[in-house]
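Remarks on the overall topology
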Amino acid sequence: SLDRVEFLAKSMDRFTEYKIDEAHRQELILRQRSTPSKYFQRSLDVSKTGAEKVFDTQRSLLTTHKTGTKRLEAMNRFFCDQEGRKGKQEFQAAKNSAKTAKPLVKEYPLYQELYDKPLRPDGQRRPTPGMAVMVPLPYEPPESALRHGMSQSLGSLSS
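Roughly 500 Å³ of internal volume is contained in the largest pocket. Lining the largest pocket are 20 residues, and of these Asp3, Gly68, Pro103, Leu104 and Val105 lie nearest its centre. Considering every element that reaches the lining of the largest pocket, the biggest residue donor is helix 3 (residues 67-86), with six residues. Residues belonging to the lining of the largest pocket are distributed by class as follows: eight nonpolar, five polar and seven charged.

Bringing the environment of leucine 146 into the picture now. As for its placement among the helices and strands, leucine 146 is situated in helix 6 (residues 143-146). The class for leucine 146 is partly exposed, based on a relative accessible area of 29%. Taking the C-alpha atoms as reference, leucine 146 lies 9.5 Å from arginine 125; in sequence the two are 21 residues apart.

This part is about the nonpolar core. Of all hydrophobic cores here, the largest spans seven residues; its members are Phe7, Tyr18, Ala51, Phe55, Leu62, Tyr108 and Tyr111. Elements supplying a minimum of two residues to this core: helix 1 (2-32) and helix 2 (37-65). Broken down by element, this core gets its largest block of residues, three residues, from helix 2. Those residues within four positions of tyrosine 18 in sequence are excluded, and the remaining contacts are Arg25, Val46, Ser47, Gly50, Ala51 and Val54.

A word on helix 2. In a regular helix each residue adds 1.5 Å, so 29 residues correspond to 42 Å; helix 2 covers 42 Å between its end C-alpha atoms and thus fits that length. The largest bend in helix 2 is about 35°, located at serine 47. Those residues of helix 2 not exposed but buried are Ser43, Ser47, Gly50, Ala51, Phe55, Gln58, Arg59 and Leu62. Just beyond helix 2, the residue with positive phi is lysine 66, at close to 50°.

Under the definition given, this model contains one aromatic pair. Taken together, a centroid distance of 5.7 Å and an interplanar angle of 65° make the contact between phenylalanine 78 and phenylalanine 79 edge-to-face. Exposure remark for phenylalanine 79: the relative accessible area of 41% places this residue in the partly exposed category.

Analysis parameters
Residues numbered from 1 in each chain as written. Predicted model: local features only at pLDDT ≥ 70, side-chain atom pairs only at ≥ 80, totals over all residues. Heavy atoms only, no water. 1 Å grid on protein atoms, 1.4 Å probe; cavity = no way out; pocket = protein on both sides within 12 Å on 5 of 7 lines; lining within 4 Å. Points joined across faces, edges and corners; volume = space filled by probe spheres on them. Helix = DSSP H or I, 4+ residues; strand = E, 2+ residues; numbered from the N terminus. Nonpolar A, V, L, I, M, F, W, Y, C, P; charged D, E, K, R; others polar. Buried < 20%, exposed > 50% of the residue type's maximum accessible area, 1.4 Å probe, protein only. Core = buried A, V, L, I, M, F, W, Y, C linked by side-chain atoms within 4.5 Å. Contact = heavy atoms within 4.5 Å. Expected span 1.5 Å × (residues − 1). Bend = angle between axes of the 7 residues up to and from the residue. Phe/Tyr/Trp six-rings, centres within 6.5 Å; stacked < 30°, edge-to-face > 60°.

Any link to function would need more than the numbers given here.
As structure tokens, this is what we get:
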């Protein structure tokens, strides 16, 4: 699952870089053309396929380089080294465990799967993100704080 997290994080970085470059190109189109609408529309038309290509490139890169297998091998070497410092029996146990360990191969998600994924039902907040450390009582902001500054008509829609 660490491989999948790495895939999504790296894909997010590459996707962000792609969108920044795309926004820059579109800005230049709007600034430098006397009739930018045709060129701007063409830029928008290729946007989704370009984003999908960025995502698929990252997907194939991780698949062909077998990062999950390499990560498991590195972890096995680390554990063998650590257990070897404790003693011969511990080293042998770590070595035997490493022989039986196999990477969990899960398909990386396709761009279209993530693109079509529904965000959340209308009117519902997304769940509070988890934290990297254990917190006995996570902070949940009160409803009044979530509606602060909104007009009463908008605030009453989801109530």
